[in-house]
Protein chains: 2
Amino acid sequence: MSDKKSQPEGRYAYEGLDRVLHEKARLGILTSLAARADGLLFSDLKHLCNLTDGNLSRHLTVLQEAGIVDIQKGFRGRRPQTLCRLTEQGKKRYLDYIAVLESVLADAVEAAKGARKLRRTMPEGFSPA
Amino acid sequence: MSDKKSQPEGRYAYEGLDRVLHEKARLGILTSLAARADGLLFSDLKHLCNLTDGNLSRHLTVLQEAGIVDIQKGFRGRRPQTLCRLTEQGKKRYLDYIAVLESVLADAVEAAKGARKLRRTMPEGFSPA
DNA sequence: GGGCGTGCTTTGCACGAGAAAGCTAAGGGC
DNA sequence: GCCCTTAGCTTTCTCGTGCAAAGCACGCCC
């Protein structure tokens with residue numbers, strides 16, 4: 001198609017950007033969890049990610065249904081506490097996602113470099129309205 | 001709060017992840033555009049990002065209304081063509097966003113490193129249901 | 001025992017991504 | 001001249017989902 005540009009079809013499609021993970025709040029949750037194999041409590045997550053209870057609850061449900069986190073309800077003393085961890089699969093998906101992010105960043109850096117010298121020209125044969 | 005963890009409030013909140021930019025398709029569009037100061041045509045973008053006409057149109061409108069891209073309608077020969085470029089402000093916002101992404105990645109890398117040795121313990125005083 | 005705090009869940013809304021259909025005009029056969 | 005196709009977008013619709021606010025359950029304290 002646009003072979004003369006030497007840019008393959010879908011070069012910037014980033015298909016690997018998992019919808020479930022590619023979300024501000026969830027990204028934070030997963031990054032928090034990724035560092036601690038022993039998990040985090042609901043309230044820890046809430047504070048680390050600056051989320052409201054409701055929000056966090058909903059995101060955790062989504063992540064759990066996707067098999068990404070493991071939710072264990074238990075007690076500390078006599079108070080209920082929810083413990084969250086990454087599942088093995090979740091960790092894998094997270095790392096895959098991160099790898100794609102890296103390639104996005106690489107593209108961005110290259111773009112910023114290549115654009116250094118601004119060419120304010122029009123494309124071949126293009127005439128403004 | 002959780003000072004003993006030495007993790008400040010909101011450590012993983014990533015407030016800087018601009019909602020307008022933090023979206024798969026738009027991220028691709030902007031990265032494509034960032035590299036070419038002379039802009040890209042609608043159909044180029046469509047192919048580069050593997051987007052449908054409708055989708056691309058909608059995203060471009062959003063980006064235009066946010067003042068991130070500049071849309072010029074013109075002609076190539078007798079056929080209409082739409083030329084898209086990053087605005088100065090758009091470029092700035094893109095670079096800011098990218099900077100935040102970098103910090104996310106840094107966190108992720110650190111997390112992956114720290115989690116090397118899995119401690120499958122329970123938190124202090126936690127007992128499963 | 002009644003109010004208060006903690007720890008979540010549920011409900012409701014509003015926005016927004018993506019699919020699908022539409023719309024306009026230019027070629028191309030006949 | 002007339003239709004059919006193709007290019008090049010735009011508009012509309014629907015459903016998912018992020019987020020806020022209200023709700024619920026229980027323990028604690030005076």
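Residues numbered from 1 in each chain as written. Chains lettered and ligands numbered in written order. Predicted model: local features only at pLDDT ≥ 70, side-chain atom pairs only at ≥ 80, totals over all residues. Heavy atoms only, no water.

Asker: Quick rundown of the overall build of chain A? Include the residues and the values.
Answerer: Helix and strand content of chain A: four helices and four strands. Listed N to C, the secondary structure of chain A is α-β-α-α-β-β-α-β in terms of helices and strands. Per-residue burial for chain A yields a buried fraction of 46% across its 129 residues. A separation of at least 24 residues holds for 53% of the contacts in chain A among residues at least 6 apart in sequence. Summed over all atoms, the accessible surface of chain A reaches about 6,800 Å², with 51% contributed by carbon and sulfur. (Helix = DSSP H or I, 4+ residues; strand = E, 2+ residues; numbered from the N terminus. Buried < 20%, exposed > 50% of the residue type's maximum accessible area, 1.4 Å probe, protein only. Contact = heavy atoms within 4.5 Å. Areas by Shrake-Rupley, 256 points an atom, 1.4 Å probe, with all protein chains shown as cover.)

Asker: Help me get a handle on the protein's contact with DNA strand C, residues and values and all.
Answerer: Among the 18 residues in the neighbourhood of DNA strand C, the closest are listed as A:D53, A:K73, A:T82, B:R26 and B:N55. Per the 4 Å cut-off to the protein, sugar and phosphate atoms form 63% of the nearby atoms of DNA strand C. Measuring from a phosphate oxygen of DNA strand C, one finds a side-chain N or O atom of B:N55 at 3.0 Å. Here a base oxygen of DNA strand C and a side-chain polar atom of B:R58 are 3.2 Å apart. At the level of secondary structure, the elements contributing two or more residues to the surface near DNA strand C comprise α3 (53-65) and β3 (79-86) of chain A together with α1 (24-34) and α3 (53-65) of chain B. Broken down by element, the residue count for the surface near DNA strand C peaks at four residues, all from α3(B). Of the residues belonging to the surface near DNA strand C, the class tally is three nonpolar, seven polar and eight charged. (Near = heavy atom within 4 Å. Polar contact = N/O pair within 3.5 Å; in protein donor to acceptor, adjacent residues only side chain to side chain. Nonpolar A, V, L, I, M, F, W, Y, C, P; charged D, E, K, R; others polar.)

Asker: Outline the packing of aromatic side chains, supporting the account with residue identities and numerical values.
Answerer: For any pair of aromatic rings, the description consists of the separation of the ring centres together with the inter-plane angle of the planes. All told, the structure shown has two aromatic pairs over all chains when counted by the stated rule. Ring geometry for B:Y12 versus B:Y14: centroids 6.4 Å apart, planes at 80°, classification edge-to-face. No difference in accessibility class separates B:Y12 from B:Y14, as the two residues are buried. A cation over a ring is seen here: A:R11 above A:Y12, with NZ or CZ 4.7 Å from the ring centre. (Phe/Tyr/Trp six-rings, centres within 6.5 Å; stacked < 30°, edge-to-face > 60°. Lys NZ or Arg CZ within 6 Å of the ring centre and 35° of its normal.)

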